[in-house]
Amino acid sequence: MRILSRLISIAALLVISIPTYAEVFSIPAPNQGFFDNKEATQTFYKGNANSKAVMIFLPGGPGSFGLKPDFVGPRKYGMFEEIANGTNSGAKLDYVFMDSPYVLSPMNSKNLSIRSTKDHMDRIRSVVDFYKSKTGKPIWLLGHSNGTYSLAQFINQTPDYDKLIAGAIFSSGRNEREITIDPINLPILVLHHAEDTCPSTQFGPAQLFYESVKSRNRSRTEFVAITGGTNDGEACFAPASHHMYGGSYSQFTNAVQQFIFK
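The present account deals with the structure reproduced in this document.

Conventions used here
- Residues numbered from 1 in each chain as written.
- Predicted model: local features only at pLDDT ≥ 70, side-chain atom pairs only at ≥ 80, totals over all residues.
- Heavy atoms only, no water.
- Helix = DSSP H or I, 4+ residues; strand = E, 2+ residues; numbered from the N terminus.
- Contact = heavy atoms within 4.5 Å.
- Areas by Shrake-Rupley, 256 points an atom, 1.4 Å probe, with all protein chains shown as cover.
- Buried < 20%, exposed > 50% of the residue type's maximum accessible area, 1.4 Å probe, protein only.
- Salt bridge = Lys/Arg side-chain N within 4 Å of Asp/Glu carboxyl O.
- Pairing = 2+ DSSP bridges.
- Axes fitted to C-alpha atoms, helices over the stretch in contact; angles between N-to-C directions.
- Expected span 1.5 Å × (residues − 1).
- Phe/Tyr/Trp six-rings, centres within 6.5 Å; stacked < 30°, edge-to-face > 60°.
- Lys NZ or Arg CZ within 6 Å of the ring centre and 35° of its normal.
- 1 Å grid on protein atoms, 1.4 Å probe; cavity = no way out; pocket = protein on both sides within 12 Å on 5 of 7 lines; lining within 4 Å.
- Points joined across faces, edges and corners; volume = space filled by probe spheres on them.
- Nonpolar A, V, L, I, M, F, W, Y, C, P; charged D, E, K, R; others polar.

Summing up its helical and strand segments, the protein chain has 7 helices and 8 strands in all. For the protein chain, the proportion of contacts with a sequence separation of at least 24, taken over those separated by at least 6, is 74%. If you sum the accessible surface of the protein chain, you get close to 10700 Å²; carbon and sulfur atoms cover 54% of it.

Attention now goes to helix 4 (residues 147–157). Where burial is concerned, most of helix 4 is hidden: 10 out of the 11 residues are buried. Of all the positions in helix 4, only Gly 147, Thr 148, Tyr 149, Ser 150, Leu 151, Ala 152, Gln 153, Phe 154, Ile 155 and Asn 156 are classed as buried. Lining the buried residues of helix 4 we find strand 3 (53–58), helix 3 (118–135), strand 5 (139–144), helix 5 (161–164) and strand 6 (167–171).

This part takes up the pattern of salt bridges. In the structure shown here, the tally under the stated rule is 7 salt bridges. Where Arg 125 meets Asp 129, a salt bridge forms, and the shortest distance between an N and an O atom there is 3.9 Å. You can see Arg 125 and its partner Asp 129 sitting in helix 3, 4 residues apart, about one turn around the helix. The exposure class of Arg 125 is partly exposed, given its relative accessible area of 28%. For Asp 160, the salt bridge is made with Arg 125, and the minimal N-O distance between the two is 2.8 Å. With Asp 160 in the loop between helix 4 and helix 5 and Arg 125 in helix 3, this pair connects stretches of sequence that are 35 residues apart. Residue class for Asp 160 comes out partly exposed when judged on its relative accessible area of 25%.

Within the open sheet, the 8 strands sit side by side as 1-2-4-3-5-6-7-8. Their pairing is mixed. This sheet does not close on itself; its edge strands, each paired only once, are strand 1 (23–27) and strand 8 (221–226). Strand-to-strand twist in this sheet, taken as the mean axis angle between neighbours without regard to direction, amounts to 20°. Where strand 6 lies against strand 7 (residues 188–193), 4 bridges are found, and the strand directions are parallel.

Given a rise of 1.5 Å per residue, 18 residues ought to cover 26 Å, and the 26 Å separating the end C-alpha atoms of helix 3 matches this to within 8%. Looking only at helix 3, the buried set comprises Asp 119, His 120, Met 121, Arg 123, Ile 124, Ser 126, Val 127, Val 128, Tyr 131 and Thr 135. Looking one or two places after helix 3, you find Gly 136, whose phi comes out positive at around 70°.

This part covers the packing of aromatic side chains. Enumeration according to the criterion identifies 19 aromatic pairs in this entry. Taking 5.6 Å as the distance between ring centres and 55° as the angle between the ring planes, the aromatic pair formed by Tyr 210 and Phe 223 counts as tilted. Highlighted residues: Tyr 210 in helix 6 (residues 203–216) and Phe 223 in strand 8, separated in sequence by 13 residues. Site record: aromatic cluster; members linked through ring pairs are Phe 44, Phe 57, Phe 65, Tyr 77, Phe 80, Tyr 95, Phe 97, Tyr 245 and Phe 252. Across the ring face of Phe 209, the terminal group of Arg 177 is positioned such that the distance to the ring centre comes to 4.5 Å. For the cation-ring pair, Arg 220 lies above Phe 259, with the distance from its terminal atom to the ring centre recorded as 4.1 Å.

Counting buried positions along strand 3 yields 6 of 6 residues, so the element is predominantly enclosed. Inspection of the sheet shows strand 3 paired to strand 5 by 5 bridges, in the parallel sense. Across the sheet, residue Phe 57 finds its bridge partner in strand 5, namely Leu 142.

This paragraph deals with empty space enclosed by the protein. As enumerated under the stated definition, the model contains 2 cavities of 30 Å³ or more in all. In this model, the second largest cavity occupies a volume close to 70 Å³. Together, Leu 58, Pro 59, Gly 63, Met 98, Asp 99, Ser 100, Leu 104, Arg 115, His 120, Ile 124 and Ser 150 line the second largest cavity. Looking at the lining of the second largest cavity, its residues break down into 5 nonpolar, 4 polar and 2 charged.

With that settled, the discussion passes to the environment of Ala 53. Relative to the elements of secondary structure, Ala 53 occurs in strand 3. Between the C-alpha atom of Ala 53 and that of Phe 261, which follows or precedes it by 208 residues, the distance is 9.0 Å. Among residues more than four places away in sequence, those in contact with Ala 53 are Lys 92, Leu 93, Asp 94, Lys 137, Pro 138, Trp 140, Ile 260 and Phe 261.

Here you go:
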């Protein structure tokens, strides 16, 4: 219970931070069968003037943070502050946070199978389709921590992935994530802090993942090692940890934007 409360607090600080001018969009559940979860997928959207692309964030931890249609702020965005508010120099991005109506996986859980289910994959696709139609802009998916497993599975299970999204970013990824299709045809960026001490998201497996993807990818593949910053608190949860790029937000933002707009 203590860990869940801590995760929810982290989510409030890092990802579902919603100022009063932000919008929450409820996207209908894609599956309406008898046994399907029929709750809508809640998403938070923050547009930026003159933005040229949309970044949809697939969160780590449990993937479910209780985002509600009437949720209001203001709060902080943590490592997404410069992206969400468009304050970083250069091209700007629209920012989307995708919540799940049900828990996907606790951090450090070895069982990530729910993040590969048809319903979860269909929900990601429905969010991509919604914002593609709403904005008319290229869509990029960014998975962080446990969210990288969802992202890899979406690519594995979606035959037309390269027509739906413009690229994928794997940030502080789970050791278990794997893209199994061959060949791959998608711009892919792998981001990882060189001193990430979370046991579920080690630097070595991130390098191996990058090498595996690069060897089969017809499109560009890049690896960026984040350095410096802070590493205070729990290795996998704390906002000031290397896993969350504590003190290294600008490196994170620059790497994301430079890759997208290269």
